[in-house]
Amino acid sequence: MSAVAAMAGICSAHAGPYEGAPRTFLFNPAQDICFKDTSQYKKDGPYIIGFSNAGLGDSWRVVMQHSVMKAAAEHKDKIKQLIITDAGHDDAKQVADIQDLISRQVDLLLVSANTEQALDPAISRAMQRGIPVVMVDRRIASDNFISFVTASDTMMGRLFAQWIVEKLNGQGNVIMLAGQAGSSPNEIRTRAAMQVFNQHPGIKILDTVYSDWSPVKGKQVMQAAISKYGKQINAVWSAHGLQTPGSIEAFIEAGWKDGEIPPHTTSDVNGPLQLALQHKVPMLEVGYPPAMGGVGIDVALKVLDGQTVPCTYEINSQIATTDGDETASIRRDLPISEVVVPNGPADMLVTGGMGPDYNPTTYSVDYPR
């Protein structure tokens with residue numbers, strides 16, 4: 001047995017959920033990490049908080065909004081009103097939503113931006129007017145906000161790419177199955193992935209295709225890619241798990257047998273994990289928990305209390321792989337067989353953090369409104 005294989009066996013034997021401080025903070029090589037003094041925003045509560053959501057176009061975003069509502073309900077003593085707007089993934093609508101929230105004299109804006117460039121001016125204007133802004137999940141292009149609550153898009157993009165490089169032994173062809181063009185999670189993860197891929201001349205990016213975070217569109221664009229490139233495709237770098245099931249289904253319908261489908265990356269969604277185990281697809285799962293919505297409320301309350309907060313507030317991500325698919329750089333916390341809910345819905349969020357009885361279709365909570 002090789003030293004790498006032996007180490008993989010040791011890691012697997014001791015795998016368990018990671019519960020420590022965020023690794024992206026602990027492993028950050030920078031001597032100085034950005035923090036913001038928010039004393040100028042300190043005020044007495046209870047507060048009016050406006051939450052401008054980019055939209056509810058997929059299951060992840062629904063759970064994230066429910067996480068915001070749950071956290072607000074848990075802080076009724078501090079929050080007088082939580083006003084939620086839904087932009088329907090339309091930049092102009094979200095700009096108008098933010099202007100409306102400002103006119104309603106909110107004490108703070110919590111924003112998940114549809115696209116990072118288009119929403120930048122509106123967020124910057126709010127900050128100029130003295131209204132603090134906390135970004136969650138999706139940020140703007142500039143740093144004109146107080147804090148960005150995320151699970152590190154940069155880490156995800158790099159881990160996904162490094163795993164593929166090592167699975168392919170530095171030689172092979174990759175399809176980039178991106179999400180929504182212009183959204184910060186997609187753009188940041190893609191840039192981070194290319195920082196890895198560009199170091200390995202034996203890795204060729206055959207194509208970058210956009211799924212808009214949809215399994216249906218993910219399947220359509222991968223069908224086109226399979227038709228064009230066929231067996232040249234050695235791996236699929238997927239920016240999230242929302243579109244990954246569609247990609248795997250495209251390979252199955254194109255006649256690829258179990259054990260032949262190229263390695264895929266994924267996040268959060270139950271369906272890809274089910275398909276990986278059923279069809280023997282090598283897979284890396286890195287969580288991007290929608291529970292960050294509730295953390296956004298916690299950070300907002302710290303800002304209004306005048307506490308110092310990090311410029312980027314990163315929450316933990318679990319790392320999981322299919323058996324035998326750890327690599328020299330990518331060690332798992334859990335096997336995918338322990339993360340998956342075998343009989344659960346395909347669109348279930350396994351990293352939702354909403355409790356065992358949570359059902360997104362029936363969820364209701366008495367938050368201040």
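Residues numbered from 1 in each chain as written. Predicted model: local features only at pLDDT ≥ 70, side-chain atom pairs only at ≥ 80, totals over all residues. Heavy atoms only, no water.

### Some details on the overall build of the protein
Thought 1: Secondary structure assignment for the protein yields 12 helices and 15 strands.
Thought 2: The C-alpha radius of gyration computed for the protein amounts to 21 Å, which stays within 12% of the reference 21 Å derived for 369 residues, consistent with globular compactness.
Thought 3: Across the 369 residues of the protein, 56% fall into the buried class.
Thought 4: Long-range pairs, those at least 24 residues apart, make up 76% of the contacts in the protein with a sequence separation of at least 6.
Thought 5: Here the protein has roughly 15500 Å² of accessible surface; of this, 50% comes from carbon and sulfur atoms.
Thought 6: Between the averaged position of the 30 positive side-chain charges in the protein and that of its 39 negative side-chain charges there is a distance of 2 Å. (Helix = DSSP H or I, 4+ residues; strand = E, 2+ residues; numbered from the N terminus. Rg over C-alpha atoms; globule rule 2.2 N^0.38 Å. Buried < 20%, exposed > 50% of the residue type's maximum accessible area, 1.4 Å probe, protein only. Contact = heavy atoms within 4.5 Å. Areas by Shrake-Rupley, 256 points an atom, 1.4 Å probe, with all protein chains shown as cover. Lys, Arg positive; Asp, Glu negative; His and termini not counted. Charge placed at Lys NZ, Arg CZ, Asp CG, Glu CD.)

### Description of the pairing of strand β6 (residues 147-150)
Thought 1: On β6, burial covers both faces: Ser147 and Val149 on one face and Phe148 and Thr150 on the other are all buried.
Thought 2: As paired elements, strand β5 (residues 133-136) and β6 share 3 bridges and run parallel to each other. Considered in β6, the bridge of Met135 is made with Phe148. (Pairing = 2+ DSSP bridges.)

### Some words on the side chain of Asp153
Thought 1: Following the sequence through the fold, Asp153 ends up in helix α6 (residues 153-167).
Thought 2: By relative accessible area, which is 3% here, Asp153 ends up buried.
Thought 3: Ignoring anything within four residues of it in the chain, the contact list for Asp153 reads Asp137, Phe148, Pro185, Ile188, Arg189 and Tyr288.

### Side note on helix α7 (residues 184-197)
Thought 1: A rise of 1.5 Å per residue sets the reference length of α7, with its 14 residues, at 20 Å; its end C-alpha atoms lie 20 Å apart and thus fit the reference within 8%.
Thought 2: The buried fraction of α7 is high, at 10 of 14 residues.
Thought 3: Taken together, the buried positions of α7 are Ser184, Pro185, Asn186, Ile188, Arg189, Thr190, Ala192, Ala193, Val196 and Phe197.
Thought 4: Looking at the buried residues of α7, the elements they touch are α6, β7 (172-178), β8 (203-210) and β9 (235-238). (Expected span 1.5 Å × (residues − 1).)

### Brief notes about the packing of helix α3 (residues 59-74) against helix α11 (residues 292-304)
Thought 1: Interaxial distance between α3 and α11 falls to 6 Å at its minimum, and their mutual angle equals 35°. The handedness of the crossing between α3 and α11 comes out as right-handed. Contacts from Trp60, Met64, Ser67, Val68, Ala71 and Ala72 in α3 reach Met292, Gly293, Gly294 and Ile297 in α11.
Thought 2: Taken together, the residues of the contact of α3 with α11 break down into 7 nonpolar, 3 polar and no charged. (Axes fitted to C-alpha atoms, helices over the stretch in contact; angles between N-to-C directions. Left-handed = near helix turned anticlockwise from the far one by under 90°. Nonpolar A, V, L, I, M, F, W, Y, C, P; charged D, E, K, R; others polar.)

### Thoughts on a nonpolar patch on the surface
Thought 1: A cluster of nonpolar residues, Phe25, Leu26, Phe27, Ile33 and Phe35, forms a patch on the protein surface that exposes about 520 Å² of accessible area.
Thought 2: Looking at where Phe27 falls in the secondary structure, it is placed in the loop between α2 (23-26) and β1 (35-36). (Patch = residues over 30% accessible without salt bridge, like charges linked within 9 Å, V, L, I, M, F, W, Y side chains within 5 Å. Salt bridge = Lys/Arg side-chain N within 4 Å of Asp/Glu carboxyl O.)

### A word on the pattern of salt bridges
Thought 1: For the structure shown, the criterion picks out 18 salt bridges.
Thought 2: Ionic pairing is found between Lys42 and Asp305, a salt bridge with its closest N-O pair at 3.3 Å. Of this pair, Lys42 sits in the loop between β1 and β2 (47-53) while Asp305 is found in the loop between α11 and β12 (309-310), placing the two residues 263 residues apart along the sequence.
Thought 3: Take Lys42: its relative accessible area is 52%, and that puts it in the exposed class.
Thought 4: In this structure, the salt-bridge partner of Arg191 is Glu116, at a minimum N-O distance of 3.9 Å. With a gap of 75 residues between them, Arg191 in helix α7 and Glu116 in the loop between β4 (108-112) and α5 (120-128) connect regions that are remote in the sequence.
Thought 5: On the basis of relative accessibility, which here comes to 45%, the residue Arg191 falls in the partly exposed class.
Thought 6: A single salt-bridge network, built from bridges that share partners, covers Arg61, Asp137 and Arg138.

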